[in-house]
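Read off the chains here:
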Amino acid sequence: MNRTPLQHDDSWENDPVWKLLDQSPPATAGPRFADDAVRAARLAGQGSPWWSRVLAPLPLAGLAAAAAACVIAVLSLQNDTPAAGNQVAAVDSGAFAEIQEIAETEALLTAVDHLDQFSDVELVSLIGF
């Protein structure tokens, strides 16, 4: 099979953008650039402290939702009138559905504020698809 050799293209050297860039003044670093760069590199190597992971908004929102669900469960299971015999008091499922909806809404709002902390799979599971 015969191929024609590729022609050398010098058009990028004559591009007006490169001519404008050649005319622009060079950017100089500020006096504290080296200090700031070294500090950023040192801080990037360190992990976040344990308390920042515990006090992050998502665990706190989940903890608040779980605590609210427990309080609602305890309050709904308590019955002021004594039940006759071994009858089990009926639990209002509407209250649980309302608490579940509030917890899901709070989790979504927290996820919107911190999108970079969630993977695509976690975001899709939060949305419910």
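Here the structure is a predicted model, which is why all the values come from computation and not from measurement.

A word on the overall build of the protein chain. The number of helices and strands found in the protein chain is six helices and zero strands. Listing each helix as α and each strand as β along the protein chain from the N terminus yields α-α-α-α-α-α. Put simply, the protein chain has 129 residues, and 5% of those count as buried. Carbon and sulfur atoms make up 61% of the accessible area of the protein chain, which amounts to about 11500 Å² in all.

Any two side chains of opposite charge can pair if their charged atoms end up close together. Using the criterion set out here, one finds two salt bridges in the structure. For aspartate 35, the salt bridge identified is with arginine 32, shortest N-O distance 3.9 Å. The exposed category is assigned to arginine 32, whose relative accessible area is 51%. In this structure, arginine 32 and aspartate 36 form a salt bridge, with 3.6 Å as the shortest nitrogen-oxygen distance. On the basis of relative accessible area, aspartate 36 is assigned to the partly exposed category, the value being 41%. Linked through salt bridges whose partners overlap, the residues forming this network are Arg32, Asp35 and Asp36.

Before going further, it helps to spend a moment on helix H5 (residues 93-113). In a regular helix each residue adds 1.5 Å, so 21 residues correspond to 30 Å; H5 covers 31 Å between its end C-alpha atoms and thus fits that length. Where H5 is concerned, the buried positions are Ile99, Ala107, Thr110 and Ala111. Across the axial projection of H5, the buried residues extend over an arc of 110°, all falling on one side. Facing away from the buried side of H5 by more than 90 degrees, the exposed set consists of Glu98, Glu101, Val112 and Asp113.

Further remarks concern a nonpolar patch on the surface. A cluster of nonpolar side chains, namely Trp12, Val17, Trp18 and Leu21, defines an oily patch on the protein surface of about 450 Å² accessible area. With respect to the helices and strands, leucine 21 occurs in helix H1 (residues 16-23).

Below, the discussion takes up the confidence of the model for the protein chain. When pLDDT is averaged along the protein chain, the result is 75; 68% of the residues meet or exceed 70. Least confident of the elements in the protein chain is helix H3 (residues 50-54), whose mean pLDDT is 65; most confident is H1, at 85.

For the rest of this paragraph, the subject is the packing of H5 against helix H6 (residues 120-127). Where H5 meets H6, the axes come as close as 10 Å, and the angle between the chain directions of the two elements is 145°. The two elements H5 and H6 meet at a crossing, and its hand is left-handed. Between H5 and H6, the contacting residues are Ala107, Leu108 and Ala111 on the first element and Leu123, Leu126 and Ile127 on the second. Among the residues making up the contact of H5 with H6, the classes are represented as six nonpolar, no polar and no charged.

Criteria and thresholds
Residues numbered from 1 in each chain as written. Predicted model: local features only at pLDDT ≥ 70, side-chain atom pairs only at ≥ 80, totals over all residues. Heavy atoms only, no water. Helix = DSSP H or I, 4+ residues; strand = E, 2+ residues; numbered from the N terminus. Buried < 20%, exposed > 50% of the residue type's maximum accessible area, 1.4 Å probe, protein only. Areas by Shrake-Rupley, 256 points an atom, 1.4 Å probe, with all protein chains shown as cover. Salt bridge = Lys/Arg side-chain N within 4 Å of Asp/Glu carboxyl O. Expected span 1.5 Å × (residues − 1). Arc of directions from axis to C-beta. Patch = residues over 30% accessible without salt bridge, like charges linked within 9 Å, V, L, I, M, F, W, Y side chains within 5 Å. pLDDT = per-residue confidence, 0-100. Axes fitted to C-alpha atoms, helices over the stretch in contact; angles between N-to-C directions. Left-handed = near helix turned anticlockwise from the far one by under 90°. Contact = heavy atoms within 4.5 Å. Nonpolar A, V, L, I, M, F, W, Y, C, P; charged D, E, K, R; others polar.

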